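Okay, here's what each chain looks like letter by letter:
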Amino acid sequence: MLLKYLGKFQYLSIAALMLIANPIKADWFALNMTRGITDISNEVFELHMLIFWICVAIGVVVFAVMFYSMYAHTKKKNPVAATFHENTKVEIAWTIIPFLILIAMAIPASKTLVKIYDDEAGDVNIQVTGYQWKWQYNYLEDDISFFANLSTDADEIYNLVPKGENYLQEVDEMVLIPVGKKVRFLITANDVIHSWWMPDFAIKQDAIPGFVNTAWTKVDVPGIYRGKCTELCGKNHGFMPIVVKAVEQDEYDQWVSQKKDVAMKLAELTTKEWTTQELVDRGEDVYALNCVACHQTNGEGIQGIFPGLAGSDIALNDKEKHIEILMEGVQGAAMNSFSYLSEVELAAVITYTRQAWGNAENGDGEIVIPKDIVDYKQPKI
């Protein structure tokens with residue numbers, strides 16, 4: 001039996017040596033912490049390596065003493081057991097030396113942590129809000145707000161086509177930041193705990209409802225950097241990536257101007273005369289981004305978990321209640337408020353669900369226009 005286990009150990013040892021000797025099969029550098037592209041991320045990496053090698057040195061010393069003791073003090077070499085007791089000098093040494101090692105580790109770590117937790121306002125300040133399952137970004141100085149949703153094709157997810165290079169790490173709208181400027185992120189959540197993780201910036205902060213964590217970065221190299229949510233936040237946890245694009249100041253200013261123009265045009269749409277088909281076409285896209293995960297493409301929902309909208313009495317006959325549910329959510333249920341959507345998006349998605357899946361033929365067929373949402377938001381007297 002012993003020979004059998006020794007044989008297995010021998011094969012495992014040979015396999016491990018083959019992996020070590022073959023860099024193609026084992027990319028050991030990929031197992032280490034990401035160095036990142038900012039000064040802080042490089043400082044964190046260097047601190048990590050310093051602590052790592054200190055731990056390696058401690059391990060070498062401890063195991064060397066242990067193996068030496070096992071070898072030098074066997075029963076064969078020392079048939080009579082020693083009778084000595086404590087050694088005061090040794091005990092003082094193994095108390096003071098670890099203390100000094102900890103101090104040597106704590107000093108550089110504290111300096112780095114002080115820099116990481118610098119909470120002063122940045123040149124650009126972005127509020128990051130986690131939702132199930134997307135991120136909202138609100139640029140506080142410029143009054144710009146948008147959602148970043150996963151844009152990976154569903155056929156890739158369900159293995160109907162080959163997976164792309166950035167599988168599950170691509171979004172419909174990237175976060176733009178200017179290079180060479182301090183960017184502060186104010187991170188929170190709307191529903192459950194999420195976690196905003198950007199390894200290239202050495203940022204990982206929990207997004208907690210009702211609480212704001214802060215982080216900052218200063219990127220000097222233009223490029224696209226990718227991260228993800230690292231807190232298990234529900235069934236689509238793996239489908240809420242983070243993509244940040246660092247650009248030169250001129251390009252950033254142009255982007256800000258374009259976003260403001262889009263917001264102004266969207267505000268003007270609340271006074272537009274909408275046709276049913278226009279609302280349905282726009283609402284179908286809003287539904288696909290925000291509602292389909294729970295209520296399904298066919299509007300049938302998930303039995304026992306998420307109610308269906310096809311044939312729903314509210315979707316058929318109660319327009320006011322339908323607006324209220326999307327604006328306020330449903331207390332004690334998984335239905336959160338969608339009041340963060342624009343008036344046009346809310347009106348469109350409600351109209352779409354009231355027209356789709358035969359609801360228009362079986363119900364009152366009433367549509368919701370953006371002004372209905374504007375009126376709902378007015379203070380009640």
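Because the structure is a prediction, the values reported are computed rather than measured.

**Quick notes on the sheet that holds strand 5 (residues 182-189)**
So, step 1. Reading across the sheet, the five strands line up as 3-2-1-5-8 and stay open at both edges, with mixed pairing between neighbours. Since the sheet does not close on itself, it has two edges, and those belong to strand 3 (144-148) and strand 8 (213-218), each with one partner. Geometrically, the sheet is characterised by an average inter-axis angle of 25° between neighbouring strands, direction not taken into account.
So, step 2. Here strand 2 (residues 134-139) runs beside strand 3; their pairing, made up of five bridges, is antiparallel. For Trp135, the partnering residue across the bridge sits in strand 3 and is Ala148.
So, step 3. Each of strand 1 (124-131), strand 2 and strand 3 is contacted by helix 5 (residues 249-268), which is oriented at about 90° to strand 3, the strand it contacts most.

**A short note on the domain arrangement of the protein**
So, step 1. Its domain assignment divides the protein into domain 1 (39-116), domain 2 (124-260) and domain 3 (270-377).
So, step 2. Of note, the centres of domain 2 and domain 3, computed from C-alpha atoms alone, are 27 Å apart.
So, step 3. Across the boundary between the two partners, domain 2 contributes 11 residues, which contact five residues of domain 3.
So, step 4. For the pair domain 2 and domain 3, the summed buried area comes to about 680 Å², and 58% of that belongs to carbon and sulfur atoms.
So, step 5. Our enumeration of links across domain 2 and domain 3 arrives at zero salt bridges.
So, step 6. Seen at the junction of domain 2 and domain 3, the total is two residue pairs in polar contact (both at pLDDT 80 or more).
So, step 7. Of the residues in the side of domain 2 that touches domain 3, the class split is three nonpolar, four polar and four charged.

**Remarks on the nonpolar core**
So, step 1. In this structure, Ile126, Trp135, Tyr137, Tyr139, Ile177 and Trp196 are the most contacted members of the largest nonpolar core, which totals 38 residues.
So, step 2. A total of five residues in this core trace back to one element, the largest contributor, which is strand 10 (residues 241-247).
So, step 3. For Trp196, the contacting residues outside a window of four places in its chain are Val128, Trp135, Tyr137, Phe185, Ile187, Ile203, Lys204, Gln205, Lys228, Ile242 and Val244.

**What about the environment of Thr271?**
So, step 1. Mapped onto the fold, Thr271 is located in the loop between helix 5 and helix 6 (276-290).
So, step 2. The spacing of Thr271 and Val65 is 206 residues in sequence and 81 Å in space, taken between C-alpha atoms.

**Points about helix 9 (residues 319-328)**
So, step 1. By the burial criterion, the buried members of helix 9 are Lys319, His322, Ile323, Ile325, Leu326 and Met327.
So, step 2. The inward-facing, buried residues of helix 9 abut helix 8 (313-317), helix 10 (343-355) and helix 12 (370-377).
So, step 3. Looking one or two places after helix 9, you find Gly329, whose phi comes out positive at around 80°.

**What to know about the sheet that holds strand 7 (residues 203-207)**
So, step 1. The strand order across the open sheet built from five strands is 4-10-9-6-7, with neighbouring strands paired in mixed fashion. The strands lining the two open edges of the sheet, one partner per strand, are strand 4 (175-178) and strand 7. The mean inter-strand angle of the sheet, taken between neighbouring strand axes irrespective of direction, is 25°.
So, step 2. Bridge analysis of strand 6 (residues 194-198) against strand 9 (residues 223-229) gives two bridges, and the strand direction is antiparallel. Looking at strand 9, one finds that Trp197 is bridged to Lys228.
So, step 3. The strands touched by helix 5 are strand 4 and strand 10; relative to strand 4, the strand with the most contacts, the crossing angle is about 135°.

**Some remarks on the environment of Val262**
So, step 1. With respect to the element layout, Val262 can be found in helix 5.
So, step 2. Exposure remark for Val262: the relative accessible area of 51% places this residue in the exposed category.
So, step 3. Spatially, the C-alpha atoms of Val262 and Ile144 are 9.8 Å apart, while their sequence positions differ by 118 residues.

The rules behind each value
Residues numbered from 1 in each chain as written. Predicted model: local features only at pLDDT ≥ 70, side-chain atom pairs only at ≥ 80, totals over all residues. Heavy atoms only, no water. Pairing = 2+ DSSP bridges. Helix = DSSP H or I, 4+ residues; strand = E, 2+ residues; numbered from the N terminus. Axes fitted to C-alpha atoms, helices over the stretch in contact; angles between N-to-C directions. Contact = heavy atoms within 4.5 Å. Domains from an automatic or database assignment. Buried area = accessible area lost by both parts, 1.4 Å probe. Salt bridge = Lys/Arg side-chain N within 4 Å of Asp/Glu carboxyl O. Polar contact = N/O pair within 3.5 Å; in protein donor to acceptor, adjacent residues only side chain to side chain. Nonpolar A, V, L, I, M, F, W, Y, C, P; charged D, E, K, R; others polar. Core = buried A, V, L, I, M, F, W, Y, C linked by side-chain atoms within 4.5 Å. Buried < 20%, exposed > 50% of the residue type's maximum accessible area, 1.4 Å probe, protein only.

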